[in-house]
Amino acid sequence: MRKRYREPKHPVIEKLSEYGLVIVGAAIIAITFNVFLLPNQIASGGVSGISTILTGTFGWEPAYVQWAFNIPLFISGLLLLGMQFGAKSLVGTLVLPLIVFLTKDWDPWTQDALLGSICGGIGVGLGLGIVFRGKASTGGTDLAAQIIHKYTNFSLGTCVALIDGFIVLSAAIVFDIEKGLYALIGLYVTSKTIDLVQVGVGRSKMAMIITNHDEEVRHEIIHGLDRGVTRLSGQGGYTDNSRPILMCVIDQSEFTNLKQLVKDVDPKAFVIVMDASEVLGEGFKHA
């Protein structure tokens, strides 16, 4: 059965939920930094990577280093980029170093650099993904990248890559090449984990069905699977004939039933199936 419509949250409750996500995400990043990244000297980009390098070189307190970079960058962002960052990003900018400071005496959870880079990348990606779901950021080098992007011809992705690449290269010089390579692993794992948190694990499937029995297939999907169908107009590239294309989004658990249903109606049907990373709307989750 299709899920019933869910009433939207009250604006105050929604705003508090977003602040909660920012704090929880920042806490996960901070704890991950202290138990995985810093003990193993994994400087996988960002202000936390800079603090890892400076701590290893000069013995400076990581939280102080992060505040020293985050606060001026946040102020610069407000002055040069406008007010779009808002109070939630300020909370992330301040809370993350605070929790780093409060958990600085926690024992490392592993002394293995490879495990530290992988688990650290997962933790940072999870935390950042949660912060992004709270419609905020933790400031840091992301703001620096946006500032460079605004005043140069470089794309935002290039700016982020240049800054993180410089931090990883610095780690390789200050520590050793191996630590730099571990930092690259951490960066990669972080990016993949952020994607996972943001768009899910692809549990839904989108099917494109080309068949000469479109009415029968449409009827079976609507009444047999209780799913909606969108009819698109298509044109054969070889025959140049017009023909409808049925588009349907289903849960992964319904995929086998859909295949059997189409096969029973039209064994010669042409079916294309692909992952749908995130589906919003009736019958699926709501934003």
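Shown above is the structure to which this text applies.
From a predicted model like this one, the values you see are computed outputs, not experimental measurements.

Of note, the phi angle at Q41 is positive, near 55 degrees, even though the residue is not glycine. Residue placement: Q41 occurs in the loop between α1 (11-37) and α2 (46-58). Its relative accessible area of 28% is what places Q41 among the partly exposed residues. A positive phi angle is found at D226, which is not glycine, with a value near 60 degrees. Relative to the assigned elements, D226 resides in the loop between α9 (214-225) and β2 (230-235). On the basis of relative accessible area, D226 is assigned to the partly exposed category, the value being 27%.

Attention shifts here to α9. Compared with the 16 Å implied by 1.5 Å per residue over twelve residues, the 15 Å span of α9 between its first and last C-alpha is a close match. For α9, the set of buried residues is D214, V217, I221 and L225. The buried residues of α9 occupy one face: seen down the axis, they fall within an arc of 65 degrees. Opposite the buried face of α9, at more than 90 degrees from it, the exposed residues are H223 and G224. Looking at the buried positions of α9, the neighbouring elements they touch are β1 (204-210), β2, β3 (242-251) and α10 (255-265). Directly beyond the C-terminal end of α9, a positive phi value near 60 degrees is found at D226.

Here the largest pocket is characterised by a volume of approximately 720 Å³. Taken together, 30 residues make up the lining of the largest pocket; nearest its centre are G46, L128, T141, D142 and D164. Taken together, the elements giving at least two residues each to the lining of the largest pocket come down to α1, α2, α3 (62-81), α5 (113-133), α6 (141-151), α7 (156-174) and α8 (177-199). At five residues, the largest contribution of residues to the lining of the largest pocket is made by α8. Grouping the amino acids of the lining of the largest pocket by side-chain chemistry returns 13 nonpolar, 14 polar and three charged.

Taken as a whole, this structure holds four aromatic pairs when the rule is applied. Ring centres of F36 and W109 lie 5.6 Å apart, and the angle between their planes is 85 degrees; on these two criteria the pair is classed as edge-to-face. Here F36 is found in helix α1, whereas its partner W109 is found in the loop between α4 (86-102) and α5, with 73 residues between them in sequence. Under the relative-accessibility criterion, F36 is labelled buried at 12%. Seen in terms of ring centroids, Y64 and W67 are 6.4 Å apart; in terms of plane orientation they differ by 25 degrees. Their pairing is stacked. With Y64 and W67 both in helix α3 and three residues apart, the pair spans about one turn of that helix. Residue Y64 is classed as partly exposed on the basis of its relative accessible area, which comes to 49%. W67 sits in the partly exposed class, given a relative accessible area of 22%.

What counts, and where the lines are drawn
Residues numbered from 1 in each chain as written. Predicted model: local features only at pLDDT ≥ 70, side-chain atom pairs only at ≥ 80, totals over all residues. Heavy atoms only, no water. Helix = DSSP H or I, 4+ residues; strand = E, 2+ residues; numbered from the N terminus. Buried < 20%, exposed > 50% of the residue type's maximum accessible area, 1.4 Å probe, protein only. Expected span 1.5 Å × (residues − 1). Arc of directions from axis to C-beta. Contact = heavy atoms within 4.5 Å. 1 Å grid on protein atoms, 1.4 Å probe; cavity = no way out; pocket = protein on both sides within 12 Å on 5 of 7 lines; lining within 4 Å. Points joined across faces, edges and corners; volume = space filled by probe spheres on them. Nonpolar A, V, L, I, M, F, W, Y, C, P; charged D, E, K, R; others polar. Phe/Tyr/Trp six-rings, centres within 6.5 Å; stacked < 30°, edge-to-face > 60°.

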